[in-house]
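These are the residues of each chain, in order.
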Amino acid sequence: MFYRAILTAAAATLAASAAAAQTEMPFALDWKFEGPAAPYFVAIDEGYFADAGLEVEVTAGQGSLDAIPKVATGAFPVGFADINSLIKFLDQNPGAPVTAVMMVYDKPPFAVVGRKSQGVEAPKDLEGRVLGAPPPDGAWAQFPIFAAENDLDMDAITVDPVGFPTREPMLAEGEVDAVTGFSFSSFLNLVRLGVDEDDISTILMADHGVQLYGNAVIVNTAFAEENPELVSGFLSAVAQGWTDAIADPAAAIESLIERNPAADADLEQRRLQLAIDANVVTDWTRANGMGIIDPARMAEALEQIKLTYEFENAPDAALYFTDAYLPEGGFPLQ
């Protein structure tokens, strides 16, 4: 009994020492705990963050802009945000200590989602029809680029400024012919409303001339400069979480449901799979690895952003993304 007590005390001391050695690294998401958030919880449950010496708590967000000021102010060392929103934020706040360090959505989920039964299957089909677009919607913000790349006559498209809660219901009821939104969200919302999947057309803007990137892991640059190994370890753990989720989406969703028991597991697994297939696993990431970007494409993206945004300062890709904390060639997806 005496020796058992000594061993128990020693084990407790070691555990306390290990816990003390872990660095807290809170992570600010862009949105709720839905399917595409599962890989981060997998990284927690599988010990990938812990192996990197990190104790990570994931916090839900309220939109693609939400994490940027949180990270820029240092409230969170790392976050997840739309890089196009980050580019505009840095233009308006020169010198803010925030940048992207790992591209996750090689293709952004910006999409036009329509009903085939209402004549919408391709970009040109929008002419002569009604498009529902919430004014604050991220996909609607990129629509002028999409329209320019596909030579759409905007005067021939009736734009209805719908609200987020009414967007998919109005399309399901036939009050609009298509809507702007995130591909994986609008599609599944329509399915949940009873629209036949075969009647839904998902027009991903990235497949129709829009060169923009999507969401990336962002970091507070002051924190990163002081803790480069922790940032690299964090990104490696994120990549491992995504690799596991790609290999076994159902298991990944189990990690999500532990944090969001009210979620529909089947629905969120579909949402995760849609994000994997359309946004994460692309021809580029298969060939070049996950996390890095193509400088030539980024240059094209900046030119396209000029179609919808007037820069106050000369755009500089080096301000918005760095691969300094990534392995050469990015992370393999297998």
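Conventions we followed
Residues numbered from 1 in each chain as written. Predicted model: local features only at pLDDT ≥ 70, side-chain atom pairs only at ≥ 80, totals over all residues. Heavy atoms only, no water. 1 Å grid on protein atoms, 1.4 Å probe; cavity = no way out; pocket = protein on both sides within 12 Å on 5 of 7 lines; lining within 4 Å. Points joined across faces, edges and corners; volume = space filled by probe spheres on them. Helix = DSSP H or I, 4+ residues; strand = E, 2+ residues; numbered from the N terminus. Nonpolar A, V, L, I, M, F, W, Y, C, P; charged D, E, K, R; others polar. pLDDT = per-residue confidence, 0-100. Contact = heavy atoms within 4.5 Å. Axes fitted to C-alpha atoms, helices over the stretch in contact; angles between N-to-C directions. Parallel < 35°, antiparallel > 145°, perpendicular 65-115°, else oblique. Polar contact = N/O pair within 3.5 Å; in protein donor to acceptor, adjacent residues only side chain to side chain. Salt bridge = Lys/Arg side-chain N within 4 Å of Asp/Glu carboxyl O. Buried < 20%, exposed > 50% of the residue type's maximum accessible area, 1.4 Å probe, protein only. Core = buried A, V, L, I, M, F, W, Y, C linked by side-chain atoms within 4.5 Å. Pairing = 2+ DSSP bridges.

*Asks:* Any chance you could explain the layout of surface pockets here in plain terms?
*Replies:* Empty space among the atoms becomes visible once a probe the size of a water molecule is rolled across them. Put simply, the largest pocket is a space of about 990 Å³. Along its surface, the largest pocket is lined by 37 residues, and Trp-31, Gly-63, Ser-64, Phe-164 and Phe-182 are the ones closest to its centre. If you list the elements that add at least two residues to the lining of the largest pocket, you get β5 (78–82), α5 (83–92), α6 (138–141), α8 (164–172) and α9 (183–192). When its residues are assigned to classes, the lining of the largest pocket shows 15 nonpolar, 11 polar and 11 charged.

*Asks:* Please explain the confidence of the model for the protein as it appears in this structure.
*Replies:* In the predicted model, the protein carries a mean pLDDT of 92, and the fraction of residues at 70 or more is 94%. Counted against residues more than four places away or in other chains, residues 1–20, with its pLDDT under 50, gives zero contacts.

*Asks:* I tried to follow the packing of helix α2 (residues 38–45) against helix α11 (residues 228–247) on my own but got confused; where do I start?
*Replies:* For any two helices packed against each other, the geometry is given by the interaxial angle and the distance between the axes. The N-to-C vectors of α2 and α11 enclose an angle of 110 degrees; their axes lie 8 Å apart at closest approach. Taken together, α2 and α11 sit at an angle that is classed as roughly perpendicular. Facing Pro-39, Tyr-40, Val-42 and Ala-43 of α2, the residues of α11 in contact are Ala-237, Val-238, Gly-241, Trp-242, Asp-244 and Ala-245. Here the residues of the contact of α2 with α11 are counted per class, giving eight nonpolar, one polar and one charged.

*Asks:* For this particular structure, what's the right way to read the side chain of Asn-84?
*Replies:* Of note, Asn-84 is situated in helix α5. In terms of polar contacts, Asn-84 uses its side chain to reach the side chain of Asp-82, at 2.9 Å. Setting aside its immediate chain neighbours within four residues, Asn-84 contacts Phe-110, Leu-212, Tyr-213 and Ile-305.

*Asks:* Help me out: how do you make sense of the environment of Ala-133 in this one?
*Replies:* With respect to the helices, strands and loops of the structure, Ala-133 is situated in the loop between β8 (130–132) and α6. Here the alpha-carbon distance between Ala-133 and Gly-163, two residues 30 residues apart in the chain, equals 7.7 Å. Residues contacting Ala-133, with those up to four places away along its chain left out, are Trp-140, Val-159, Asp-160, Pro-161, Val-162 and Thr-180.

*Asks:* What am I meant to see in the pattern of salt bridges here?
*Replies:* Think of it this way: side chains of opposite charge can pair up when their charged atoms draw near. For the structure on display, the rule yields 14 salt bridges. One salt bridge connects Glu-168 with Arg-167, and the closest N-O pair in it is separated by 3.0 Å. Exposure class is identical for Glu-168 and Arg-167. Each is buried. With its nearest N and O atoms 2.8 Å apart, the salt bridge here joins Glu-268 to Arg-271. Taken as a pair, Glu-268 and Arg-271 lie in helix α13 (residues 265–280) at a separation of three residues, close to a single helical turn. Of the two residues, Glu-268 and Arg-271, both sit in the buried class. Sharing partners across several salt bridges, the network here consists of Glu-34, Glu-268 and Arg-271.

*Asks:* Would you mind showing me how to read the nonpolar core here?
*Replies:* Burial of nonpolar side chains together is a common tendency in soluble globular proteins. Core analysis: the largest hydrophobic core is formed by 95 residues, its most contacted members being Tyr-40, Leu-126, Phe-143, Phe-234, Leu-235 and Trp-242. Sort the elements by how many residues they give to this core and α11 lands first, with nine residues. What Phe-143 contacts, discounting residues up to four positions off in sequence, is Val-112, Leu-126, Leu-131, Leu-152, Met-154, Ile-157, Thr-180 and Met-205. Among the nonpolar cores identified, the runner-up in size contains 15 residues, and Met-170, Leu-190, Ile-200 and Leu-204 belong to it.

*Asks:* Can you walk me through the side chain of Asn-215 in this structure?
*Replies:* Tracing the chain through its elements places Asn-215 in strand β12 (residues 215–220). Setting aside residues no more than four positions away along its own chain, Asn-215 makes contact with Asp-30, Phe-80, Ala-81, Asp-82, Met-103, Val-104 and Tyr-105.

*Asks:* Any chance you could explain the sheet that holds strand β7 (residues 110–115) here in plain terms?
*Replies:* Strands in a sheet are paired, the pairing made by backbone hydrogen bonds, and the direction either parallel or antiparallel. Across the sheet, five strands lie side by side as β9-β8-β10-β7-β11; this open sheet has mixed pairing. At either end of the open sheet lies a strand with only one pairing partner, and these are β9 (158–160) and β11 (200–204). Going from strand to strand, the sheet's axes swing by 30 degrees on average, the running direction of each strand aside. The pairing of β7 with strand β10 (residues 178–182) spans five bridges and is classified as antiparallel. In the sheet register, Phe-110 faces β10, and the bridge partner there is Phe-182.

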